[in-house]
Amino acid sequence: MLEISNLTKRYGKFVALDGLNLHIDKGEIFGFVGPNGAGKTTTMRIICGLLKASGGSVLVDGVDALKRPDDIKRKVGYVPDFFGVYDNLKVMEYMEFYGSMYGMEKEDVDEIAVGLLELVNLADKQDTFVDTLSRGMKQRLCVARALIHNPELLILDEPNSGLDPRARFEMKEVLKNLGTMGKTILISSHILPELSEMCTSIGIMERGKLIVSGRVEEIMQKSMGIQPIHLRAMVPGMEADEAKAHVLTVLKEQPLVSGVSYAGEEYQIHYGGTEQQAAYLLKALVERNIMVSDFHREKENLEALFLEITNAAHAAQVHP
Amino acid sequence: MNKKFRMNPIMKKELVVGSRSIKMSIAILGINLFLTLIVILIMATTNLASGSSGYDYSALLMIFPVLGCVEVGLLSLIVPIITSGSISGEREKQTLEIMLTTPVTPFSIAAGKLGAAMTVVMMYMLSSIPVMSIAFVLGGMSWWALIGLIGILLYLGVYVGSVGVFCSSVVKKSIAATILTIAIGIGILVATSVIFYTWIGIWAYRESVGTAVSQPVLAPMVMMFNPYSPIFDFMLRSMTSTSVYGMIDNAWQTPALIGLIYKAWIPVSVALNLLVSLGFLKLAGRNISVTRNNKKRK
Ligand SMILES: Nc1ncnc2c1ncn2[C@@H]1O[C@H](COP(=O)(O)OP(=O)(O)O)[C@@H](O)[C@H]1O
Ligand SMILES: [Mg+2]
């Protein structure tokens, strides 16, 4: 559906996209993650034909987006990282306006718009003035607007930024619905966990390059290994300080432990082993006279994985 | 093919939004009050001027040129104002970007903005017809003069409007765009006049020193690019028995072919200037397609 190869974009000397490769299959919801300035918006704007690329190619449904931007415009719906609404225009008129720019007849637009407004939970707002809507509603209206011409690919740039939790939740529901409708969606965020719930695939971008990409399950798997194990423990017959020293010594003796920290009565163990091996770690502790009151692995945390990966990339860049 | 007539979507939206703003009604009211005031003033002058010798109608004859000039002047101010935010406003709201992701071309965005401005101009014109027609009847002008005036004002609206939309695509601030539009208008006015009079001046000098040179019959061609010249010709024709052609032919020996062009000053000049305004619209379209990120961010 979307095939980006070797895409580069330079702003003067600054390289914003550095040979980006990205592949998205039809019907996928692809989460495009990266810190601010990674080049997500730049990529999206190039796909939409708003920005000229410096090199590389973008194919949307087999059509070259860089050479035939006008054909792409009918295939892509774009929700930018801002609202773009008018004063003095009602919701339905807003939809009609965008529909008419695609050359659609008013009656057709109205019919489609009613369905789309229902989808984004704004069915009762048809006659409301756009500028009086809440942020969340405006954002959802923008999604409906971007779908008016029934695009094959929907691109959303940080649709959740600046929304309160309630509005975020509603947006997530809308996107999930879109997913079930079989639309191919490219959605960006600088926060990974936000995307993991609704995406089928994820790509992590950093400094104009895609560092990791794959199905959400695979990425989650990778994230498993790096979650610290939390431990609360005491040692009978020892003072607190003495007990702490003992626990730390024992932990550090264990082969798969790569690091231990202690904070708030709790040990955080960076442990490279599997769940079974972790059970042996617990056994080893108990055998060394350590009484464990709590032992659990931190919930899968994509954020941590994200930081890990981007840090690694930084390190690689600093020390080539 | 069953292709229905479709209004430019940008123009249509502009009209919906515009009809909801109170600004336009106030402006229309203001302009008509102003025109009425001028008519009353002229009529009062007529009364004062009539002494024992009877009623003096000569001041009434002033109604047409005065009202005509006032309308031309108002239009030259109003159109820059209504077009000044047309593109920059969309850019600021960032709706321009969204428009550019649709199949609508930048040129038709510019054209739609001009079209919307022109409908507003039409409203002004239509609303002022009652005052104008009373004045025209009193001033002894024909209906044709009124229709002609409206036509020529529409042409001027298109010209100034295109410059206005262009300026709005260049300058961010509405006030700056208004001023720039007026400045470009004055600039064209001054430039054409300067070229014209220099040309004639050089000829006059050469003739005075006795160098045999042919008459500068081509010099008035420059003035055809003066957007106000067809209006001048129109006023001249409606009020006197002469015309721009008459003036030129009086002064010099105009070859038949060139004379033909000068005889048709109004249509030729209007056509030329409409081409120029098309150029401004095209330039506006070019500027529209340059979006936020193509320019250096501040
Ligand atoms: N018009 C521009 N001129 C110069 N640099 C730009 C311009 N637009 C974006 N950039 C730079 O390109 C990089 C990528 O920006 P962007 O695509 O907006 O990142 P993201 O959306 O991932 O936060 C940033 O470092 C940004 O500063
Ligand atoms: Mg961004």
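Details of the structure are given in the entry above.
Rules used throughout
Residues numbered from 1 in each chain as written. Chains lettered and ligands numbered in written order. Predicted model: local features only at pLDDT ≥ 70, side-chain atom pairs only at ≥ 80, totals over all residues. Heavy atoms only, no water. Phe/Tyr/Trp six-rings, centres within 6.5 Å; stacked < 30°, edge-to-face > 60°. Helix = DSSP H or I, 4+ residues; strand = E, 2+ residues; numbered from the N terminus. Buried < 20%, exposed > 50% of the residue type's maximum accessible area, 1.4 Å probe, protein only. Lys NZ or Arg CZ within 6 Å of the ring centre and 35° of its normal. Contact = heavy atoms within 4.5 Å. Buried area = accessible area lost by both parts, 1.4 Å probe. Salt bridge = Lys/Arg side-chain N within 4 Å of Asp/Glu carboxyl O.

Notes on the packing of aromatic side chains
A complete count under the given rule lists 10 aromatic pairs over all chains for this structure. Ring geometry for B:Phe64 against B:Phe234: centres 6.4 Å apart, planes inclined by 65 degrees, an arrangement best described as edge-to-face. Pair noted here: B:Phe64 is in helix H3 (residues 63-83) and B:Phe234 is in helix H10 (residues 229-239), with a separation of 170 residues, a long-range link. The two residues B:Phe64 and B:Phe234 agree in class, both being buried. In textbook terms, an aromatic cluster arises when at least three aromatic residues are bridged by ring pairs, as seen for A:Tyr86, A:Tyr94, A:Phe97 and A:Tyr98. Note that A:Arg145 overlies the ring of A:Tyr98, its terminal NZ or CZ placed 5.3 Å from the centroid. A cation over a ring is seen here: B:Lys282 above B:Phe107, with NZ or CZ 5.4 Å from the ring centre.

Some remarks on the interface of chain B and chain A
Across the contact, 25 residues belong to chain B and 32 residues belong to chain A. Summed over both partners, the interface of chain B with chain A comes to about 2700 Å²; 58% of that surface belongs to carbon and sulfur atoms. Looking at the side of chain B facing chain A, the largest losses of area belong to B:Arg20, B:Ile98 and B:Thr101, adding up to 23% of the total buried there. One can count two salt bridges joining chain B with chain A.

Quick look at the pattern of salt bridges
Pairs can form between side chains of opposite charge whenever their charged atoms are close. Residue and element names in this part refer to chain A. Considering all chains together, one arrives at 22 salt bridges over all chains under this definition. A salt bridge links glutamate 28 to arginine 215, with the shortest nitrogen-to-oxygen separation between them at 3.8 Å. A residue pair is termed long-range when its members are at least 10 positions apart, and glutamate 28 in the loop between strand E2 (14-24) and strand E3 (29-33) and arginine 215 in strand E10 (residues 209-215) qualify at 187 residues. What makes glutamate 28 buried here is its relative accessible area of 8%. A salt bridge links glutamate 152 to lysine 75; the nearest nitrogen and oxygen atoms lie 3.6 Å apart. Of this pair, glutamate 152 sits in the loop between helix H5 (135-146) and strand E7 (153-156) while lysine 75 sits in the loop between helix H2 (69-72) and strand E6 (76-79), and the two are 77 residues apart along the sequence.

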